[in-house]
Each structure stands twice: as structure tokens, then as C-alpha cells.
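In case you want the letters, here they are:
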Protein chains: 2
Amino acid sequence: MTNHAATPATDARGSQFVAEAARQVMRRCDQLADCTDRPGEVCRLFCSPAMQSAHTLVRSWIEATGMSCRLDAAGNLIGRLDPPKAGDHRAVQNEQAAALIIGSHLDTVVNGGKYDGALGVLLGLALAEIAVKTDTALPFPLVVIGFCEEEGVRYQEPYFGSRALVGDIPDAWLRRPDAEGVPLADALRTFRGDPDRLAECVLRPEDVLALVEPHIEQGPTLEDRSLPLGVVTGAVGHSRASLEFVGRAGHAGTVPMQSRRDALCAAAQFIVELEQLAAGVAGLVATVGRVEVLPNVANVIPGEVRLRLDLRHAEDRDRLAAFRKAIERAGEIARQRGLEFNLLWEQQQESVQFDAACSGRLEQAIVAAGLTPGRLSSGAGHDAVILARHFPTAMLFLRCAGGISHHPDEAVSEADVATALEVLWRFVTDLAASTAPDGVQVARTKI
Amino acid sequence: MTNHAATPATDARGSQFVAEAARQVMRRCDQLADCTDRPGEVCRLFCSPAMQSAHTLVRSWIEATGMSCRLDAAGNLIGRLDPPKAGDHRAVQNEQAAALIIGSHLDTVVNGGKYDGALGVLLGLALAEIAVKTDTALPFPLVVIGFCEEEGVRYQEPYFGSRALVGDIPDAWLRRPDAEGVPLADALRTFRGDPDRLAECVLRPEDVLALVEPHIEQGPTLEDRSLPLGVVTGAVGHSRASLEFVGRAGHAGTVPMQSRRDALCAAAQFIVELEQLAAGVAGLVATVGRVEVLPNVANVIPGEVRLRLDLRHAEDRDRLAAFRKAIERAGEIARQRGLEFNLLWEQQQESVQFDAACSGRLEQAIVAAGLTPGRLSSGAGHDAVILARHFPTAMLFLRCAGGISHHPDEAVSEADVATALEVLWRFVTDLAASTAPDGVQVARTKI
């Protein structure tokens, strides 16, 4: 058998590649930030005009690399660098090999940051570009995915994109309306997705060799430990719920305090107690991020308040206990005040462990790059958490300034991005070497 | 001099008038409730399509009575029953006499009731109809006003209509945008008002003989005392303010509790403490009716919260002391939590005493009708409170079921409406008798 390995790049040439690629990733994060649904803020919502602009931009970069690019039925943007075809002098034997998938999400929260999500997509793209530029023949397809909806802002349901890949989209979601009454299915059609063909998005286990999501940490741990990168061991479990307090609206000037059934006062008491509850359980975070007050008029006693509760902990048992306690207290507060309490909806997501082999390979790449391999668990949900239940999945966290995320101040350094690229490229080539068929030597291109 | 007094109606005929008029007032309240900006709710906002429908309807009733009807530059609907002209066999001498104004507002809160405001307008109209039907020549113009904006829902500023009548509309209000960004001036123009000619709305003291606003109580006092009607001695003072807590948005899963600067937790603590503060001061009512959370997304720690504070007390000193304490506590809560606090806006409205002579005449009419004259102060603001600083003004409260207002359950009985009509008609004819020129005897029509 012939050796089809690409010419290894020299060290010097490689460093230059990485530095240039990192600079380009940073520039592209800035450019993507300009694709926004709210001028002056970073805001890209599911199937929105800004997301359309973002896709146009990312697609142009993907295609310029020589990769194929397609929108799947769920609205995910997917670039693919196939192994060389038979006849190509670099051909490898396993053309149909399972893919290495690298990616993250392209949507953001309202008034979010430039790096949450986008960075992972652009790192995947940069790796494909390095493969092309260094003429490295990978023995597997390298797939870069920009997931369409991780934050769940528009339809109040996160992970639409990654759930489509594992065939886990309830039909009811498609009928769900956004704030303007547009059903999800209609939004998806306008975006040229196809709600009737979601089944075609589903990946089989044999399609996926490994899946890596690079992402900013969104917390302070790496910065506190002075580490640029960390391997994510798993993700905390997550309780989400929608709570409703129903009191009675009334005139703010005429109803004496003792006759009131003020839904906002009940909700406020709950929020204060929830904060105390969370402060008392190590590792627990509890948040009320969304509040709807009805009728929300200055001179009317609030008649109804709906809250979104978000509760996370690495230990499922601790999380569930805290969740039950919170719901119990909400009910008691309502009863004591003569109000009605309803738990409108809840969702429990168990904690997840990422793939040991895949994470171990990431860790080796970090060590090989001369760095300390930090390990940490993720307090945030990620597309990788959804996918980890089905495919060998790992996550690489990049240090972010002050642990700030979901905020315009979100920041990551170009140097850390370069380090991440170096480590990820090492991961890619190590994986290539380990999966290439017998006798085919894949270059461990030093860059 | 000739006696131009109208033929007095008989008692029997009169009772029938009142009963029929009360029934019609109730029917018209139902009809007006169907003019709504939100199907299934009562909601008529300033210059909205529903307000346009309401004006069309009320104008048709006014004009059917033979009154003149006009829209003033501020969007108030004004019907006028002039004294008989010279040459008319019922002519009285003082054609240019100051007017008796009876009215209230036609706008409502979101998801409000059928009677708040509308009832007072329709009672005024019913009195004009009784005057016409009983052929009673009043020596003064009887003016019925439907004020355009008392609640202040659309532009967050109440009393636009009555403030226009006293020349107290700040220019800045006209540029203020509603939730959709439509400036007030544009909304008014679309409604065929004229923001450039607001000066023409202003009434001079010599234009107004007396002003009466009939209104549902919106509180439980009359019902508790088993009284159908009450004369309002004055209105409580009113502090209003817009408060802002600025913390830092962050990811709900990754920022540990102790690192958070959650604006909603601060706001919730303030709301709970405000409730406690109000409960500790007799007669004080304090409300946070409106809350805006930014970004208001389930998985983002709230970065900013704006609240509307509403605080009322009959004693100005007590109210101001409580207001200062509330603002002080808001600042302390913010400081303790490492947040920024801003008092964005405040408005202090002093308590008001209604006109003693005018209120006394209302009270006499109640006694003459064989009822106990209940006296109470108003916890709500009203157009009459604005006008009382400029014209001899009185308010008549009607008992409402359970003290409920600003709510779909708002209710008033037809019997109480009939009683109010009887009392108000007596007030009108007494006033006519006392103001008719020497020698002209105005019928104290018994109805």
C-alpha cells in the first residue's frame, strides 16, 4: 500500500498558521456580532433575519474553504470536508468513515456576547481550513456544524438544533408560537428549513466518530486557575419550570394592604427565598430569569405573575431535592397569601458525563502542547450535552474574561484562541492517526 | 318677567324616567365594554381603535339627545346642552352662563371593568336626556365630557384629558413614544385631535359653574357601610416613581450565587420590604404594578429591572415620609448587593379637598332623597382631582361590588345607578334654581 499522507508542515510555518487562524477567528466573531436582530446589541434568534445574515456569512467562509455546505431541515448549517476521493493521490480507503464533528451554536441570547456559541463554530471552520492549507488528508469527514437554536430565546425551548440530530423534537414544539404568534414550523419554513422532514436530520451512531464542542467557559473557574483551556468532564443536571401565582388584580389606590392578593408580592417573596435556598446548598445555582406580570400597569395591583425557574447542580439528587423544596415553598407562599399557585411546566435534565476516551484524547493534546489539563464540569447546558447521550462527545472550554457570558462584556483572548486551535489540531491529527486504516500513515502535521 | 320654567314631571312619570334611564346606562356600559382593544377583555386605550369605536357610539347617543358634540384638540369627547335660545318660549336670560360639567373618562386599564370611568360619562349623558325629556330648561349649559386618558396606560402618564383642560400638558409628553414607538402627538393626530392646538382646550374659571364626576368607588367602604352613594371629601396624595436596579446579566448556569449581581433579586427584596413598610403605616397603600426585566430570558441572570412605584396616603406628610423611606431602602438594598440604583423619575401629587359648597349641595340632594350621606376620601386619582385645583369640583361615588375595580369582576347595581341618577338630577335642578336670574323660576322637576 502507498503512503498517502500529506506533507507535514514545518513548525515555523505551523505557528504562523495558528496565529493567523486565531486572528481570523477573532475577526469573524466580530463580523458575526454585526449580524444582529437588535442594532447595538448582539442578538441572533432562531430563524431570524440576523440568523439568515449569519448563515450567509458563515456559508461563504465554509464554501471558500472548498467544503460542501448545506442547511438541514431543522435549520442547522453544516459544512463538510470529505476525505480525498479514490483517484486523488491522497486517497485513503475508508471514504465512508464516520465523521468527526466540531461545532457549536450560532444563535445568542438577547444582548448577549460575541463568543458564546459562535466561537466553537469558527474554531471548527478554522481546523478545516488548516487541514486544507496544510494539505492534510484526514481519513474521516470533518464536519462543522452551526446549530440553529441552543439558547431557546424565541420559542422558550433550547437545543432545537441538536435535538433534531438525535430525533428528539416533540411535534407540539412545531406548533408553539413565538411572542408574535408565529408558530415554530412557519418560522422554520421561512428560513428554508422543513419541519416535515426533520427525520432526515437524524444522525446514526455509525455516522459519528467523535464530536467536540469548543465553547467559552461562561464561568470564572479557568481564569481563577490561570488556565487557558479545560476539558469538560460533564454537565450539571438542570431543572427548569414555569411557575404561576394567581392573585387578584385591583386598584392600586383603593384596595387596603390587608385586602390584597398581590401576585407580584408573592412572586417577590418566592424569588427572595429561592436565592436564600440556593445560597445554602453548595454548588447549587438557582435563577428566575424571566418574569411576566399581568396586567403590568403602574396603578393596578398585579393579578398574575409567571416565572421561569432555572436550577442546576452536578448531583442529580441534590438538584431534585432543591427543586422540590422550591416548588413546595412557592405553594406555601401562595397559600399563606390566599393566592393560587400552579406549576405550569417542568423539565428535568439529568447530569451528563462526557465520553472518557474522547475527553482523554483532548487532555493528551493539552499535555502535548505543554499545558496543564484543567478539568471542570459545565454549569451551562450545551448542544454537546444533548449529543453526549448518543455519540462519543467531548467539550473543550476556553477561558473567558471574568467568567462573564450572556452579556456584551463577554470576552476571550486571541492568545487563548490560538492555544485552543493548536490543541484541537493536535486532537484532530491524533484521531486521524489512530483511525487511519492499516498501512496508511496520516501526517501528525505540526503547525 | 315671564316664568319660563318647564312643566314639572309628575312623581310617577319621574320614577319611570329614572328606572328607564338607569337601565339604559347599564346597557350602554355593556355596549361600551364591547369597544375593546383586546377581544375578551375590557381594554380601551388612549386614541386606540377601540376608543374610536367608543367615541362613535357615545357621539351617536349625545347627538340623538339634540346636544352638540365635538372632539377637542386633546381627544376629549364633549357634548353640550345649551340653555334655550332667546325667542324660545323657555328662554332664560343668562345664555352665556358658566357650564355645569358632568363627566368622567372613557379609557380603561388593560383587562379592566365596564364601569370605571364609562359610568360617569353615561350618567352625565342620562341627566341631559332627562332634562330634554322632561322639557326642563336649565339656566346653564350642561356639558358632558368623556375624558380621553385618565389611566395613563398607553403613555404611562395619567390625566392627559383633564390636564389639557387646565393647560398642564408638558411639551415633552407629546414626543413620548408608546410601546410600539408611536409618539403621543402622532397618536393624537391619527385620532383627529391636534397636538398643536392644545391651548384651545383650556377652560377659564368663568366657563365653569361646577364640575361633578360620578364614579364607582373602586374600594369597599360604601359597601361595608351599606350605602349606595358617598360624597367624596377629597383625594389622597399620590407619589409615583420609576426605580431602576442595575446589576450584571450573566449565565444562569455558570455564575455561582455569591458572584451574582442579580437585579431581579434586589427588586424582589425591595417589593417584599415595601409591602412590609406599607402594612406598618395605617392608611398607606404601596404598589409595584409594573416591572420590566432585562433581558427577561429564562437562562440569563437579570441584569436590569425597572419598577413603577405607587404610594398613596390621605396625609401628605405621612406619604412623603413613607416615599422617602422606600427610596432609601431601595438604595440600601442595591448597595448591599453591589448594584446600582437609580430613581429615574418621581411625581408627587398633593392630597386635594373638593369644593365644600358643591359637595354640600350633593350631600343635600342625598339627604333629600331619603338617604344617609356617606362621606369618604378617594384612594384613587381621578380627572376631578386635577380639575378641583381650578374649578368648584365634587365627586359622587357609587358603591361597587366587593370593592373590586380594574378587573373584569367590577360591578355596580342598576338600583344604585338609579339612586345616583335621582340624586344627581336633584343636584342639577337645585343648582339651576339657585343660579337662575331673579324672577326666573326653574322647575325643581320631580322625577
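This is a predicted model, so every value here is computed, not measured. (Residues numbered from 1 in each chain as written. Chains lettered and ligands numbered in written order. Predicted model: local features only at pLDDT ≥ 70, side-chain atom pairs only at ≥ 80, totals over all residues. Heavy atoms only, no water.)

A short note on the interface of chain A and chain B
Taken together, the 55 residues of chain A in the interface contact 55 residues of chain B. Buried surface at the junction of chain A and chain B, summed over both partners, amounts to about 4700 Å²; 61% is from carbon and sulfur atoms. When residues of chain A are sorted by the area they lose upon contact with chain B, His251, Met257 and Ala298 of chain A head the list and together hold 12% of the total. A salt bridge links arginine 337 of chain A to glutamate 275 of chain B; the nearest nitrogen and oxygen atoms lie 2.7 Å apart. On inspection of chain A and its partner chain B, the count reaches 16 residue pairs in polar contact (both at pLDDT 80 or more). Elements supplying a minimum of two residues to the side of chain A that touches chain B: strand S8 (250-251), helix H8 (263-279), strand S9 (285-294), strand S10 (300-301) and strand S11 (304-313) of chain A. The dominant element in the side of chain A that touches chain B, judged by the number of residues it contributes, is H8 of chain A, at nine residues. (Contact = heavy atoms within 4.5 Å. Buried area = accessible area lost by both parts, 1.4 Å probe. Salt bridge = Lys/Arg side-chain N within 4 Å of Asp/Glu carboxyl O. Polar contact = N/O pair within 3.5 Å; in protein donor to acceptor, adjacent residues only side chain to side chain. Helix = DSSP H or I, 4+ residues; strand = E, 2+ residues; numbered from the N terminus.)

Structural notes on the relation of the copies chain A and chain B
Rotating chain A by 180 degrees about the axis while translating it 0.0 Å along that axis superimposes it on chain B, leaving an RMSD of 0.1 Å. One copy is carried onto the other by what is essentially a two-fold rotation axis. Judged by C-alpha distance, alanine 268 of chain A is the residue of chain A that lies nearest the rotation axis, at 2.1 Å. When the interface residues of chain A are mapped onto chain B, 100% of them again lie at the interface, so the same face is used by both copies. (Least-squares fit on C-alpha atoms with pLDDT ≥ 70 in both.)

A look at the sheet that holds S9 of chain A
Residues and elements named next belong to chain A. Strand order in the open sheet made by the four strands is S9-S11-S7-S12, with antiparallel pairing throughout. Where the open sheet ends on each side, the last strands, each with one partner, are S9 and strand S12 (340-349). Taking the axes of each pair of neighbouring strands and ignoring which way they run, one obtains an average angle of 15 degrees across the sheet. The sheet contact formed by strand S7 (residues 237-246) and S12 spans nine bridges and is antiparallel. Residue pairing for S12: arginine 240 is matched across the bridge by glutamine 347. Along the sheet, H8 contacts S7, S9 and S11; its crossing angle with S11, the most-contacted strand, is approximately 10 degrees. (Pairing = 2+ DSSP bridges. Axes fitted to C-alpha atoms, helices over the stretch in contact; angles between N-to-C directions.)

With respect to the sheet that holds strand S9 (residues 285-294) of chain B
All names here are of chain B. Strand order in the open sheet formed by four strands is S9-S11-S7-S12, and the pairing between neighbours is antiparallel. In this open sheet, the two edge strands, each paired with only one partner strand, are S9 and strand S12 (340-349). The average undirected angle you get between the axes of adjacent strands in this sheet is 15 degrees. Pairing analysis gives nine bridges linking S9 to strand S11 (residues 304-313), with the strands arranged antiparallel. Paired with threonine 287 across the two strands is aspartate 310, which belongs to S11. Running at roughly 10 degrees to S11, helix H8 (residues 263-279) makes contact with strand S7 (237-246), S9 and S11 of the sheet.

So, the side chain of arginine 163 of chain B
In this structure, arginine 163 of chain B sits in helix H4 (residues 160-165). Residue contacts for arginine 163 of chain B: discarding those within four places in its chain leaves Pro158, Asp168, Ile169, Pro170, Trp173, Gln347 and Ile386 of chain B.

Thoughts on the packing of aromatic side chains
Within a pair of aromatic rings, the relevant descriptors are the distance that separates the centres and the angle that separates the planes. As enumerated under the stated definition, the model contains nine aromatic pairs over all chains in all. Ring geometry for phenylalanine 46 of chain A versus tyrosine 155 of chain A: centroids 6.1 Å apart, planes at 85 degrees, classification edge-to-face. Within this pair, whereas phenylalanine 46 of chain A is found in the loop between helix H1 (11-33) and helix H2 (49-64), its partner tyrosine 155 of chain A is found in the loop between strand S4 (142-147) and helix H4 (160-165), the two being separated by 109 residues in sequence. A relative accessible area of 1% places tyrosine 155 of chain A in the buried class. Between phenylalanine 245 of chain B and phenylalanine 341 of chain B the ring centres are 5.5 Å apart and the planes differ by 50 degrees, which places this aromatic pair in the tilted class. Taken together, the residues phenylalanine 245 of chain B in strand S7 and phenylalanine 341 of chain B in strand S12 connect sequence positions 96 residues apart. We classify phenylalanine 341 of chain B as buried; its relative accessible area is 19%. (Phe/Tyr/Trp six-rings, centres within 6.5 Å; stacked < 30°, edge-to-face > 60°. Buried < 20%, exposed > 50% of the residue type's maximum accessible area, 1.4 Å probe, protein only.)

Comments concerning the pattern of salt bridges
Two side chains that carry opposite charge are able to pair once their charged atoms sit near each other. Residue and element names in this part refer to chain A. In the structure shown here, the tally under the stated rule is 48 salt bridges over all chains. Among the salt bridges present, the one from aspartate 30 reaches lysine 114, with a minimum N-O distance of 2.8 Å. Of this pair, aspartate 30 sits in helix H1 while lysine 114 sits in the loop between strand S3 (99-105) and helix H3 (118-133), placing them 84 residues apart in sequence. Classification of aspartate 30 as partly exposed rests on a relative accessible area of 33%. Where salt bridges share partners, they join Glu157, Arg176 and Arg240 into one cluster.

In short, geometric facts, not functional conclusions.
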